[in-house]
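Take a look at the letters that make up each chain.
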Amino acid sequence: MWTMDTIEWLDIELTSFCNIRCKGCFREISNEADKILNKEYLDLDTIKEKFKKEHFSNIKIVNFCGSVDEPTTHPQFFDIIRYFADWNAHINIATNGSLRTEKWWATLATLLPESHRVTWGIDGADSVSEIYREGSNFEKVKKNFRAFNGAGGKSNWQFIVFEHNEHQLDQAKEIAKQEGFKDFKTIISHRKDTKTVKPKQDEIDTVEELSYISCKYSNQKRIFINHMGNVIPCCHYNSKMLEYSVTGKVKDQFEELLDKHNYKDTINLKSTTVDQAINSDIWKEIINSWSTDSPAPRCNQVCKQLKRDKFIKEKL
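Okay, so let's go over this structure. Please read these numbers as outputs of a predicted model, since none were measured by experiment. (Residues numbered from 1 in each chain as written. Predicted model: local features only at pLDDT ≥ 70, side-chain atom pairs only at ≥ 80, totals over all residues. Heavy atoms only, no water.)

Observations concerning the overall build of the protein chain
A count of helical and extended segments in the protein chain gives 15 helices and 11 strands. By the compact-globule yardstick of 20 Å for 316 residues, the protein chain fits well, its C-alpha radius of gyration being 19 Å. Taking the principal axes of its C-alpha atoms as reference, the protein chain extends roughly 50 × 45 × 35 Å. Buried residues in the protein chain amount to 54% of all 316 residues. Sequence-distant contacts in the protein chain: of pairs separated by 6 or more residues, those separated by 24 or more amount to 75%. For the protein chain, the accessible surface area stands at approximately 14,700 Å², while carbon and sulfur atoms represent 45% of it. The centroid of the 46 positive side-chain charges in the protein chain is displaced by 2 Å from the centroid of its 47 negative side-chain charges. (Helix = DSSP H or I, 4+ residues; strand = E, 2+ residues; numbered from the N terminus. Rg over C-alpha atoms; globule rule 2.2 N^0.38 Å. Buried < 20%, exposed > 50% of the residue type's maximum accessible area, 1.4 Å probe, protein only. Contact = heavy atoms within 4.5 Å. Areas by Shrake-Rupley, 256 points an atom, 1.4 Å probe, with all protein chains shown as cover. Lys, Arg positive; Asp, Glu negative; His and termini not counted. Charge placed at Lys NZ, Arg CZ, Asp CG, Glu CD.)

Some details on the sheet that holds strand 5 (residues 116-121)
An order of 10-9-1-3-4-5-7-8-11 is seen for the nine strands of this open sheet, with the pairing classed as mixed. Single-partner strands in this sheet number two, and they are strand 10 (231-232) and strand 11 (310-315). As paired strands, strand 9 (residues 222-225) and strand 10 are joined by two bridges and run antiparallel to one another. Counterpart to Ile225 in the pairing with strand 10 is Val231. (Pairing = 2+ DSSP bridges.)

Section: unusual backbone geometry
At Asn38, a residue that is not glycine, the phi angle is positive and equals roughly 60°. You can see Asn38 is positioned in the loop between helix 2 (33-36) and helix 3 (44-50). Backbone geometry at Asn262 places phi at a positive 50°, although glycine is not the residue there. Turning to its location among the elements, Asn262 is positioned in the loop between helix 11 (253-260) and helix 12 (263-266). Overall, the relative accessible area of 37% leaves Asn262 in the partly exposed class.

Let's talk about the pattern of salt bridges
Tallying each qualifying case throughout the model produces 20 salt bridges. Between Arg222 and Asp11 there is a salt bridge; the shortest N-O distance is 2.9 Å. Here Asp11 lies in strand 1 (residues 9-12) and Arg222 lies in strand 9, a separation of 211 residues in the sequence. There is no split in this pair, since Arg222 and Asp11 are both buried. One network of salt bridges, in which partners are shared, links Arg21, Lys23 and Glu134. (Salt bridge = Lys/Arg side-chain N within 4 Å of Asp/Glu carboxyl O.)

This is the structure:
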């Protein structure tokens with residue numbers, strides 16, 4: 001499935017910090033969030049020690065996009081970008097865009113390699129975006145993306161569609177085009193709590209449940225590393241990983257594996273390497289479960305029942 005020679009894509013969650021509150025985010029819905037979040041960074045020394053270009057011979061994408069973080073909160077963010085800029089890989093940064101100064105964003109544009117994108121999460125054409133991204137500020141985001149784009153940065157606009165903002169979708173696309181964005185990505189969320197609108201038939205194909213586990217991350221030769229340094233098969237396991245790290249509560253097969261194989265020694269970068277983690281018994285037993293009558297529940301939900309977000313990407 002995964003080997004160091006086949007990995008092409010790293011998802012790295014740099015921090016547990018974020019300056020806004022998105023409805024439906026783990027930060028808002030978990031009873032354990034205050035025990036986990038706004039406390040820890042994946043530090044630069046660990047990154048340099050555990051992620052060496054020569055160990056990832058086929059790397060194509062380094063993606064700074066976690067499930068609970070705003071990567072630009074990291075105090076060593078520029079140094080991290082400088083480190084990966086020499087990897088000859090595409091760098092993507094997912095941001096809400098409402099932190100840092102215009103000067104900071106202009107500087108970032110000069111540090112990134114030619115192949116890069118900053119993906120700005122803007123769910124509206126004006127302050128409507130702040131309804132979901134509570135605590136954000138549309139006018140500040142606009143100043144920041146203008147500074148970044150103006151300094152030569154390449155940007156994508158990401159728009160999560162809700163009932164309260166769907167009327168602004170076309171307007172947002174037009175603004176993105178005028179402001180020099182390269183791509184526009186529409187997300188139709190699967191989450192019930194966000195009350196998103198249903199996708200139209202001509203916008204996205206309807207996919208029925210598969211008869212087998214078709215792992216999205218495995219197919220993309222992609223792995224996920226969270227801010228605690230845990231190497232896990234995909235982002236969909238991160239909320240469970242985070243909760244278990246503070247509660248120790250076993251909810252299903254995944255937590256049983258973390259307990260059985262002592263995850264702190266087997267998949268955490270403080271004790272192991274990426275290579276050892278992806279070859280650990282935790283990973284092997286998750287993968288082996290796919291060919292049984294009882295696949296790991298999260299795998300079954302996300303990659304068999306296909307309960308995940310739908311993406312529509314357009315060039316501008």
